Amino acid sequence: MAVSMLEQLQAIDPNLLTEIARNVQDCRSFTITDWHVDRLSTKGIINPDGLFLFQGTGHDGRVSRPWSTVLKIIRRGGQEHDLRSIWYWKRELHTVQSGLLTRLPGGIRAPRIYAATEHTDSAWIWMEHIVPDSAQLWTPAQYALAARAVGTLNGAYLAGTPLPDEPWLCTEHCGWWLAAIEHYDPERAWENRFVRAAFPTALRLRVERLRADRERFLAVLTQLPQVFSHFDAQRRNLFIRTHDDTPEVVAIDWALVGCGPVGGELCVLLADSALLCELAADDVPELEEACTAAYLSGLADAGWSGDPGLVRLGYCAWFAMHIGAAAPGATVAWTGDETGEAMQQAFGWDREAVVAQWARLCELALDRADEARHLMERL
């Protein structure tokens, strides 16, 4: 019988774990007295069984104290991808090993990294266990706080901080995403029973028009002012905690880090949080106003005072490509007969509810596509 990863980790080399615990405590004399490991989450989309939480106690020769760390195991897929692709499996490993995350100019923090190693078909990243102030659904004020933090990070690269140019950083995120969706034959997506039930004919016609116009949208996303950012800063990857009496935003999962248009990450914060059912699609329009204002404030905090219309264009064009042009194909990908349980586990809702949410998001994305077309003409 195959041994599960959790069982393997329960028998981990004690010398390795001691070294990690010493890095956690920043104490070379720290000795583990007891520990245990559990799965941290099984809701990951790409890597649902790759997060583990180690916790225990130890002592430094004088006092006993608790320690904890998260191990993320990233597995090599069956197909090799371009280094710039959103699917390149070692990007997060390269990012933490490069030290980029220790040199972020502000706004967003990354977890401390205690060790990062590559193995034959996987990479192991030992990192800080981030404990948020609250695990509840976010309030509008918390979304706005995150939007401002993202804006501050993005704005630094519009105000003089050089863009990183490492060859493994992701670029043209939406283009890679749409290319992957092509695998599900968007023209045949309309035959899927879930798509037929949730996407009315009028919506289909608008999606097909947008898909026919996608090269124009993708080109605009590369022509807008470019920023370095997380580019997967949706609710599941963001934590708000208090540090020195000040709330700070910490982002995990830097697998999509790279360069892209100003405003794109703001769309990720709202639209992708709704895509993952962390936020109701009908709440997105109301949050847009406050979060856009907060994002612009973050850009200003970093020293950028450019045209807000460019930010709105980046937001709307990203929304159009990432959600509007892709929603039917994504629905096909997630509604196969064998995916019902996986969908419930990943999103917390049944398939019909998830697809209804995605159809509403698609409608919003098509409205933003119309707005983007007007902005393209004006700007």
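Above: the structure in question.
Just so it is clear, the structure is predicted and the values come from calculations on it, not from any experiment.

Side note on the side chain of Arg236
Reasoning step 1: Along the chain, the position of Arg236 falls in the loop between strand 8 (226–229) and strand 9 (238–243).
Reasoning step 2: Within the structure, the side chain of Arg236 is placed 2.9 Å from the side chain of Glu278, a separation counted as a polar contact.
Reasoning step 3: Within polar-contact distance, the side chain of Arg236 engages the backbone oxygen of Ala346 at 2.6 Å.
Reasoning step 4: Residues contacting Arg236, with those up to four places away along its chain left out, are Lys43, Ile45, Ile252, Leu276, Glu278, Ala346 and Phe347.

Thoughts on the packing of aromatic side chains
Reasoning step 1: Applying the stated rule across the entire model yields 11 aromatic pairs.
Reasoning step 2: An angle of 75° between the planes, with centres 6.3 Å apart, marks the rings of Trp190 and Phe199 as edge-to-face. Take Trp190 and Phe199: they sit in the same class, and that class is buried.
Reasoning step 3: Measuring from centroid to centroid gives 5.0 Å for Trp334 and Phe347, while their planes differ by 75°, and the two rings are edge-to-face.

Considering helix 10 (residues 284–301)
Reasoning step 1: The terminal C-alpha atoms of helix 10 lie 24 Å apart, and with 18 residues this matches the ideal 26 Å at 1.5 Å per residue to within 8%.
Reasoning step 2: By the largest-angle criterion, Ala290 marks the main kink of helix 10, which is about 25°.
Reasoning step 3: Within the sequence span of helix 10, burial applies to Val284, Leu287, Glu288, Cys291, Thr292, Ala294, Tyr295, Gly298 and Leu299.
Reasoning step 4: Of the surrounding secondary structure, the elements contacted by the buried residues of helix 10 are helix 4 (140–156), helix 9 (264–275), helix 11 (308–324) and helix 14 (351–378).
Reasoning step 5: Among the residues trailing helix 10, Gly303 stands out with phi positive, at a value near 110°.

Things to note about the environment of Gly160
Reasoning step 1: Of note, Gly160 is situated in the loop between helix 4 and strand 7 (170–171).
Reasoning step 2: Owing to a relative accessible area of 61%, Gly160 belongs among the exposed residues under this scheme.
Reasoning step 3: Sequence separation of Gly160 and Met5 is 155 residues, and the distance between their C-alpha atoms is 45 Å.

Let's talk about the sheet that holds strand 10 (residues 246–251)
Reasoning step 1: The 3 strands lie next to each other as 4-10-9, forming an open sheet whose pairing is mixed. A strand with exactly one partner marks an edge of an open sheet, and here the two such strands are strand 4 (108–109) and strand 9.
Reasoning step 2: The strands touched by helix 4 within the sheet are strand 4, strand 9 and strand 10, with strand 10 carrying the most contacts at an inclination of about 70°.

Some points on a nonpolar patch on the surface
Reasoning step 1: On the surface, Ile45, Ile46 and Trp87 cluster together into a nonpolar patch covering about 290 Å² of accessible area.
Reasoning step 2: Tracing the sequence through the fold places Ile45 in the loop between strand 1 (31–41) and strand 2 (51–59).

A short note on the nonpolar core
Reasoning step 1: Core analysis: the biggest nonpolar cluster contains 107 residues, and Phe199, Phe217, Val284, Phe319, Met321 and Leu361 have the highest contact counts within it.
Reasoning step 2: The element contributing the most residues to this core is helix 14, with 13 residues.
Reasoning step 3: When residues no more than four places from it in sequence are discounted, the contact partners of Phe319 are Cys267, Ala271, Val284, Glu288, Gly324, Leu361, Leu364, Ala365 and Arg368.

Looking at the sheet that holds strand 11 (residues 258–261)
Reasoning step 1: Pairing is mixed in the open sheet, where 3 strands are placed in the order 7-11-8. Whereas interior strands pair on both sides, the edge strands pair on one side only; in this sheet they are strand 7 and strand 8.
Reasoning step 2: Bridging between strand 8 and strand 11 involves 4 bridges; their strand directions are antiparallel. Bridging across to strand 11, Ser229 finds its partner in Gly258.

Thoughts on the pattern of salt bridges
A side chain with one charge can pair with a side chain of the opposite charge if their charged atoms come near.
Reasoning step 1: With the rule as written, the count across this model stands at 30 salt bridges.
Reasoning step 2: A salt bridge links Arg65 to Asp60, with the nearest nitrogen and oxygen atoms 3.0 Å apart.
Reasoning step 3: Put simply, Arg368 and Glu288 hold a salt bridge, and the shortest N to O gap is 2.9 Å. Linking Arg368 in helix 14 with Glu288 in helix 10, this pair joins segments that are 80 residues apart in sequence. Each member of the pair, Arg368 together with Glu288, is buried.
Reasoning step 4: In this structure, a network of salt bridges that share partners links the residues Arg206, Arg209, Asp213, Arg216, Asp367, Asp370, Arg373 and Glu377.

Digging into empty space enclosed by the protein
Reasoning step 1: Applying the stated criterion across every chain yields a total of 2 cavities of 30 Å³ or more.
Reasoning step 2: For the largest cavity, the calculated volume is near 50 Å³.
Reasoning step 3: Every residue lining the largest cavity is listed: Trp177, Leu275, His322, Ile323, Ala326, Ala327, Ala330 and Trp358.
Reasoning step 4: Of all the elements in the fold, those that place two or more residues in the lining of the largest cavity are helix 11 and helix 12 (327–334).
Reasoning step 5: Looking at side-chain class alone, the lining of the largest cavity contains 7 nonpolar, 1 polar and no charged residues.
Reasoning step 6: Lining the second largest cavity, in full, are Glu92, Val96, Leu101, Pro111, Ile113, Ile125, Met127, Ile252, Asp253 and Trp254.
Reasoning step 7: Its residues placed into classes, the lining of the second largest cavity shows 8 nonpolar, no polar and 2 charged.

Focus on the state of the cysteines
Reasoning step 1: By the definition in use, this model includes 0 disulfides.
Reasoning step 2: We note that Cys277 lacks a disulfide partner, and the nearest cysteine sulfur, in Cys362, lies 15 Å from it.
Reasoning step 3: What makes Cys277 buried here is its relative accessible area of 10%.
Reasoning step 4: Cys267 supplies the cysteine sulfur nearest to Cys316, a cysteine that is in no disulfide, at a spacing of 8.4 Å.
Reasoning step 5: Judged by its relative accessible area of 0%, Cys316 falls in the buried class.

Criteria and thresholds
- Each chain has its residues counted from 1, running along the sequence as written.
- Confidence filtering applies because this is a predicted model: local features only for residues at pLDDT of at least 70, side-chain atom pairs given and counted only at 80 or more, and all residues used for totals across whole chains, interfaces and linings.
- To get the side-chain values, take all heavy atoms of the structure and skip hydrogens and water.
- Numbered from the N terminus, helices here are DSSP runs of H or I no shorter than four residues, and strands are runs of E no shorter than two.
- Residues adjacent in sequence count toward polar contacts only when both atoms are side-chain atoms; beyond that, a polar contact is any pair of N or O atoms within 3.5 Å, and within protein one must be able to donate a hydrogen and the other to accept it.
- Any two residues whose heavy atoms approach within 4.5 Å at even a single point are treated as in contact.
- For this analysis, a ring pair means two rings from Phe, Tyr or Trp (six-membered ring only for Trp) whose centres lie within 6.5 Å, classed as stacked if their planes differ by under 30 degrees, edge-to-face if by over 60, and tilted for the remaining angles.
- Any residue under 20% of the maximum accessible area for its type is buried, any over 50% is exposed, and the rest in between are partly exposed; the area is computed with a 1.4 Å probe on protein chains only.
- Given the number of residues in a helix, its expected span is that number minus one, multiplied by 1.5 Å.
- The bend reported for a residue corresponds to the angle between axes fitted to the seven residues ending at that residue and the seven starting there.
- By the convention used here, strands pair only if DSSP detects at least 2 bridges between them.
- A fitted line through C-alpha atoms serves as each axis, taken over the contacting stretch for helices, and the angle formed by two N-to-C directions is quoted from 0 to 180°.
- Residues enter patches when their relative accessible area tops 30% and they take part in no salt bridge; the joining distance is 9 Å for like charges and 5 Å for the nonpolar side chains Val, Leu, Ile, Met, Phe, Trp and Tyr.
- All accessibility values rest on the Shrake-Rupley procedure with a 1.4 Å probe; residue burial counts only the protein chains present in the view.
- Just to be clear on terms, a salt bridge is a Lys or Arg side-chain nitrogen sitting within 4 Å of an Asp or Glu carboxyl oxygen.
- To qualify as a nonpolar core, a set must consist of buried Ala, Val, Leu, Ile, Met, Phe, Trp, Tyr and Cys residues joined through side-chain atoms within 4.5 Å.
- Only protein atoms enter the calculation, which uses a 1 Å grid: trapped sets of points that fit a 1.4 Å probe without letting it out are cavities, open sets showing protein on both sides within 12 Å along at least five of seven lines are pockets, and any residue with an atom within 4 Å of a point is a lining residue.
- Grid points are joined across faces, edges and corners, and a volume is the space filled by probe spheres set on the points.
- Residues are grouped as follows: nonpolar covers Ala, Val, Leu, Ile, Met, Phe, Trp, Tyr, Cys and Pro; charged covers Asp, Glu, Lys and Arg; every other residue, Gly included, is treated as polar.
- When two cysteine sulfur atoms are found within 2.5 Å, that pair is recorded as a disulfide.

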